[in-house]
Protein chains: 2
Amino acid sequence: MDCVSTSKQLPQPDRDEIRVDAVLQALGEPVRLMIVRMLADTSEGIACGELELPVTASTRAHHLKMLRESGVVSTRTEGTRRISALRREDLDALYPGLLDGVLAAKQ
Amino acid sequence: MDCVSTSKQLPQPDRDEIRVDAVLQALGEPVRLMIVRMLADTSEGIACGELELPVTASTRAHHLKMLRESGVVSTRTEGTRRISALRREDLDALYPGLLDGVLAAKQ
DNA sequence: ATCGTACTACGATATTCATCGAACTTCGAC
DNA sequence: GTCGAAGTTCGATGAATATCGTAGTACGAT
């Protein structure tokens, strides 16, 4: 292949392609909301396998894909690992207060 | 029956019973988000029949029930009409910025 | 009481989607 | 190359739900 770098961004919507419907639907699932909470506690992002969740690996991958395609997280490849991180800047710019409001919820 | 008043509140969760999962899931449906946008433009609330939406009356009622049971709207009875209004105070207290962020979305 | 309006409840249907296991891909290590 | 680890993809399945039409309830007006 013609990939020169060892790190690569996975495809995701541009900021202006993010739809609020999709974001809310993505956040409105308990497991995905857990993922977002975990990501909010880090600045570097988390690998799929490091997310301790009550679901199998394939379900985990499914949820991360939903979050990426809706514009909530971005994912980069590092070796065999895929590091996901919250798209805080984009979300705060599009929906100021939304993320903080969600994270403020006690549970 | 023993109802003395002509106006009555329909059952809804108390503020401390509202779950963020349910709120986000309720907001993450296009028709329901339209309803919330319309309600945000009024202070008095809107009757079910006055919501102009591309669905039938029964579907409209269904969505309003979802919104009420998740804690997004409150509904009071006035004669044969049911007036729904955004629970702004409760939502702002629980998730400060969430509602404003959602409503700030261009579409 | 009768009628019409406003809305809800019920049953049916189709779609969406969360979940899993198994097979596959990709990468690093040996 | 071979192996193992990390993740994804591919059905399959079961549950949730958006939608509708119809029937039913509640209320006001006549």
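Residues numbered from 1 in each chain as written. Chains lettered and ligands numbered in written order. Predicted model: local features only at pLDDT ≥ 70, side-chain atom pairs only at ≥ 80, totals over all residues. Heavy atoms only, no water.

1. Considerations on helix H1 (residues 20–27) of chain A
Note that an α-helix has 3.6 residues per turn; residues three or four places apart therefore point the same way. Rule in force here: A simple rule labels every residue: compare its accessible area, found with a 1.4 Å probe on the protein chains alone, to the largest value its type can have, and call it buried under 20%, exposed over 50%, or partly exposed in between. Numbering of helices and strands runs from the N terminus, with a helix taken as a DSSP run of H or I at least four residues long and a strand as a DSSP run of E at least two residues long.
Burial of H1 of chain A is extensive: seven of the eight residues sit out of reach of the surface. All of the buried residues in H1 of chain A are Val20, Asp21, Ala22, Val23, Leu24, Ala26 and Leu27 of chain A.

2. Details of the confidence of the model for chain A
Our working definition: Confidence of the predictor at the level of single residues is captured by pLDDT, which takes values from 0 to 100. Contact between two residues is taken to exist if any of their heavy atoms lie within 4.5 Å; hydrogens are not considered.
Averaged over every residue, the pLDDT of chain A is 92; residues scoring 70 or more account for 93%. Counting contacts from residues 1–5 of chain A, a segment whose pLDDT is below 50, to residues more than four positions away or on other chains yields one contact.

3. Side note on the protein's contact with DNA strand D
Quick note on the threshold: In this text, near means that some heavy atom of the residue lies within 4 Å of the molecule or strand in question. Any N or O atom pair separated by 3.5 Å or less is treated as a polar contact, with the protein-specific requirement of one donor-capable and one acceptor-capable atom, and with residues adjacent in sequence counted only for side-chain atom pairs.
Of all residues adjacent to DNA strand D, which total 23 residues, the nearest are Gly49 of chain A together with Gln25, Arg32, Thr59 and His63 of chain B. A share of 83% is what sugar and phosphate atoms reach among the atoms of DNA strand D within 4 Å of the protein. Here a phosphate oxygen of DNA strand D sits 2.8 Å away from a polar atom, N or O, in the side chain of Gln25 of chain B. Between a phosphate oxygen of DNA strand D and a side-chain N or O atom of His62 of chain B, the distance comes to 3.3 Å. Mapped by element, the contributors of at least two residues to the surface near DNA strand D are helix H3 (57–70) and strand E4 (81–86) of chain A together with helix H2 (30–40) and helix H3 (57–70) of chain B.

4. Notes on the packing of helix H2 (residues 30–40) of chain A against H3 of chain A
The geometry of a pair of packed helices is captured by two quantities: the angle between their axes and the separation between those axes. All names here are of chain A. Filter applied, for reference: An axis is simply a line fitted to the C-alpha atoms; with a helix, the fit covers only the stretch in contact. Between two such axes, the angle follows the N-to-C directions and lies from 0 to 180 degrees. Here the angle decides the label: under 35 degrees means roughly parallel, over 145 means roughly antiparallel, 65 to 115 means roughly perpendicular, and every other value means oblique.
At a minimum axis separation of 10 Å, H2 and H3 run at an interaxial angle of 70°. On the basis of the axis angle, H2 is roughly perpendicular to H3. Between H2, through Val31, Arg32, Ile35 and Val36, and H3, the contact on the second element is made entirely by His63, Leu64, Met66 and Leu67.

5. Side note on the protein's contact with DNA strand C
Put simply, the rule is: Under the grouping applied here, Gly and all other residues not named as nonpolar or charged are polar, the nonpolar ones being Ala, Val, Leu, Ile, Met, Phe, Trp, Tyr, Cys and Pro and the charged ones Asp, Glu, Lys and Arg.
The full set close to DNA strand C counts 22 residues, and Gln25, Thr56 and His63 of chain A together with Gly49 and Arg82 of chain B are the nearest of them. For DNA strand C, the fraction of protein-proximal atoms (within 4 Å) that sit in sugar or phosphate groups is 82%. One nitrogen or oxygen atom from the side chain of Ser58 of chain A is found 3.3 Å from a base oxygen belonging to DNA strand C. For the surface near DNA strand C, the elements supplying multiple residues, two or more each, are H2 and H3 of chain A together with H3 and strand E4 (81–86) of chain B. Looking at the surface near DNA strand C, the element that brings in the most residues is H3 of chain A, giving four residues. Of the residues belonging to the surface near DNA strand C, the class tally is six nonpolar, 11 polar and five charged.

6. Focus: the pattern of salt bridges
Short version of the rule: Salt bridges are defined by distance alone: a side-chain nitrogen of Lys or Arg within 4 Å of a carboxyl oxygen of Asp or Glu.
Counted by the stated rule, this structure contains 10 salt bridges over all chains. Of the charged contacts in the structure, one is a salt bridge between Glu50 of chain A and Arg81 of chain A, with a shortest N-O distance of 2.6 Å. Of the two residues, Glu50 of chain A sits in the loop between strand E2 (46–47) and H3 while Arg81 of chain A sits in strand E4, which places them 31 residues apart along the sequence. Residue Arg81 of chain A is classed as partly exposed on the basis of its relative accessible area, which comes to 40%. Among the ionic pairs, Arg87 of chain B bridges to Asp90 of chain B, the shortest N-O distance being 3.0 Å.

7. Considerations on the interface of chain A and chain B
Cut-off, in case you're wondering: A 1.4 Å probe defines the accessible area here, and the buried area is the portion of it lost by two parts on being joined, summed over both.
Contacts between the two partners involve 21 residues from chain A and, on the opposite side, 21 residues from chain B. In total, about 1400 Å² of surface goes out of reach between chain A and chain B, with carbon and sulfur atoms giving 71% of it. If you look at where chain A meets chain B, you find zero salt bridges. In this structure, the connection of chain A to chain B is made through zero residue pairs in polar contact (both at pLDDT 80 or more). Among the secondary structure elements, those contributing two or more residues to the side of chain A that touches chain B are H1, H2 and helix H5 (98–104) of chain A.

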